[in-house]
Amino acid sequence: MSKLVQIPESTLETLLREAGRTESVEEYLRSAEVQAGVQEGHRLLKRARAAYWSRFWLLFSAILTWIFFLFGPDLEGFISGVLLTGMTVVEFKVHSLFLAADVRGAIYGWWNQCLFSLLFLIYGGYHGTFVSVSPSVSGLVDPSMLPQIIALYRFFYFTVAIVGALGQFCLACYYRTARK
C-alpha cells in the first residue's frame, strides 16, 4: 500500500471521471475501499509512533552499554553493545518503513523485537542462574546474609528476564498486527 496523500477535490473528481467511475467524490471517499486504506494508514502511523519511542530507548541502551564497555571492557559488554547497536539500526529502519506506509516495517519490527525479547530471557536467565557476589560486596556483609543477597540477585535478574521479554514480545506482536 502506498502512502495516503491529500489532493484537491477537483483533481480527485477529474481522476474518478477519467477512470470511468460514476460516483461523486463524497461517495467515493465513503466507499469501503477508501475507508480500508485510511484505516491501514492509521494503523501503520500508530506503529510508527511506537517505533519512534522504541528506537530512542534502544539508542540510549546502546550508548550506555558502550560507555560501560569503555570503562570496563569485557566480552559481555562488547556483545551487548554490538547487538544493541544493530537492533537500534533496524528499529530506525522499522520507523521509516512504517512512516512510508510500507508493511515491511511489521516484518522487520517483529523479528527485531522477538530477538530483543529472546536476549532479555538469555541475559536475565544467565545472570539469575549463575549468580556471583563480588568479593568487595561479600567482604562488607555478614556471611550469613549471602544467601539472602543471592536470592535478591536471582529475583532481580529473573524479573528482568520475564518482564523485559514479555514487554518486547508484546511490542513485536503489536508491530505484526500491521500486516492485516
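Please refer to the structure placed before this passage.
Along each chain, numbering runs from 1 in the same order as the chain's sequence is written. For a predicted model such as this one, the threshold for reporting local features is a pLDDT of at least 70, and the threshold for listing and counting side-chain atom pairs is 80 or more; totals across whole chains, interfaces and linings nevertheless cover every residue. Values shown for side chains rest on all heavy atoms present in the structure; no hydrogens or waters enter the calculation.

With a phi angle near 60°, Ala 101 is a residue other than glycine that sits in the positive phi range. Under the DSSP-based scheme used, a helix requires at least four consecutive residues in state H or I and a strand at least two consecutive residues in state E, with every element numbered from the N terminus. Its location among the elements puts Ala 101 in the loop between α4 (75-99) and α5 (104-129). Overall, Ala 101 belongs to the buried group, its relative accessible area being 7%. Buried residues are those whose accessible area, probed at 1.4 Å on protein chains only, stays under 20% of the maximum for their type, while exposed residues exceed 50% and partly exposed ones sit between those limits.

This part takes up the packing of aromatic side chains. The rule is short: rings of Phe, Tyr and Trp, with Trp giving its six-membered ring, pair when the centres are within 6.5 Å, and they are stacked under 30 degrees, edge-to-face over 60, tilted in between. Inspection of every chain in the model, using the stated rule, returns 14 aromatic pairs. Ring plane angle 75° and centroid distance 6.3 Å describe the contact between Phe 56 and Phe 92, whose orientation is recorded as edge-to-face. With a gap of 36 residues between them, Phe 56 in helix α3 (residues 32-71) and Phe 92 in helix α4 connect regions that are remote in the sequence. For Phe 56, a relative accessible area of 35% corresponds to the partly exposed category. A residue is classified by how much of its surface remains accessible, and Phe 92, at 31% relative accessible area, is partly exposed. Feature note: the residues Tyr 52, Trp 53, Phe 56 and Phe 92 constitute an aromatic cluster, connected by ring pairs. A cation over an aromatic ring shows up here: Arg 47 above the ring of Tyr 174, its NZ or CZ 3.9 Å from the ring centre. Over the ring of Trp 110 we find Arg 176; its NZ or CZ atom is 4.4 Å from the centre of that ring. The rule for a charge over a ring is simple: NZ of Lys or CZ of Arg within 6 Å of the ring centre, and within 35 degrees of the ring normal.

Turning to the side chain of Glu 23, a few remarks are in order. By secondary structure assignment, the location of Glu 23 is in the loop between α1 (9-18) and α2 (25-30). At a separation of 3.0 Å, a polar atom in the side chain of Glu 23 contacts the side chain of Arg 21. Contacts between residues were defined by any pair of non-hydrogen atoms, one from each residue, lying within 4.5 Å. When sequence neighbours within four positions are dropped, the list of residues in contact with Glu 23 reads Leu 16, Arg 17 and Tyr 28. Polar contacts, as counted here, are pairs of nitrogen or oxygen atoms within 3.5 Å of one another; within protein the pair requires one atom able to donate a hydrogen and one able to accept it, and residues that are adjacent in sequence qualify only if both atoms are side-chain atoms.

What follows deals with the pattern of salt bridges. Every case where a carboxyl oxygen of Asp or Glu lies within 4 Å of a side-chain nitrogen of Lys or Arg is listed as a salt bridge. A complete count under the given rule lists two salt bridges for this structure. We note a salt bridge from Arg 21 to Glu 23, for which the minimum N-O separation is 3.0 Å. A residue is classified by how much of its surface remains accessible, and Glu 23, at 18% relative accessible area, is buried. The salt bridge partner of Arg 104 is Asp 102, with a shortest N-O separation of 2.7 Å. Take Arg 104: its relative accessible area is 42%, and that puts it in the partly exposed class.

The subject of this paragraph is the layout of surface pockets. Residues are called lining when one of their atoms sits within 4 Å of a cavity or pocket point, these points coming from a 1 Å grid over the protein atoms alone, where a cavity is a set in which a 1.4 Å probe fits but cannot get out and a pocket is an open set with protein on both sides within 12 Å along at least five of seven lines. Grid points are joined across faces, edges and corners, and a volume is the space filled by probe spheres set on the points. Estimated volume of the largest pocket: approximately 770 Å³. Lining the largest pocket are 26 residues, and of these Thr 65, Ser 80, Leu 84, Phe 116 and Tyr 123 sit closest to its centre. Only α3, α4, α5 and α7 (146-176) provide two or more residues apiece to the lining of the largest pocket.

A word on the side chain of Ser 54. Mapped onto the elements of the fold, Ser 54 is located in helix α3. A polar side-chain atom of Ser 54 sits 3.1 Å from a polar atom in the side chain of Glu 91. For Ser 54, the contacting residues outside a window of four places in its chain are Glu 91, Gln 113, Leu 171 and Tyr 175.

A separate point is a nonpolar patch on the surface. A cluster of nonpolar side chains, Tyr 52, Trp 53, Phe 56, Trp 57, Leu 59, Phe 60, Ile 63, Leu 64, Ile 67, Phe 68, Phe 71 and Phe 92, forms an exposed patch at the surface whose accessible area comes to about 1,300 Å². If you tally residues by element for the nonpolar patch, the top one is α3, at 11 residues. Two joining distances apply to patches: 9 Å for like charges and 5 Å for nonpolar side chains (Val, Leu, Ile, Met, Phe, Trp, Tyr), and every residue must have over 30% relative accessible area and no salt bridge. Only the protein chains shown count as cover for residues, and all accessible areas are computed by the Shrake-Rupley method using a 1.4 Å probe.

This part covers the packing of α5 against α7. The packing of two helices is summarised by the inter-axis angle and the distance between the axes. Note on geometry: axes are C-alpha line fits, over the in-contact stretch for helices, and angles between N-to-C directions span 0 to 180 degrees. Taken N-terminus to C-terminus, the directions of α5 and α7 make an angle of 170°; their axes are 8 Å apart at the nearest point. As the angle between them shows, α5 and α7 are arranged roughly antiparallel. In this classification, the charged set is Asp, Glu, Lys and Arg, the nonpolar set is Ala, Val, Leu, Ile, Met, Phe, Trp, Tyr, Cys and Pro, and all remaining amino acids, among them Gly, are polar. Residues belonging to the contact of α5 with α7 are distributed by class as follows: 17 nonpolar, 10 polar and two charged. Every angle not falling under 35 degrees, over 145, or within 65 to 115 is termed oblique; those three ranges are roughly parallel, roughly antiparallel and roughly perpendicular.

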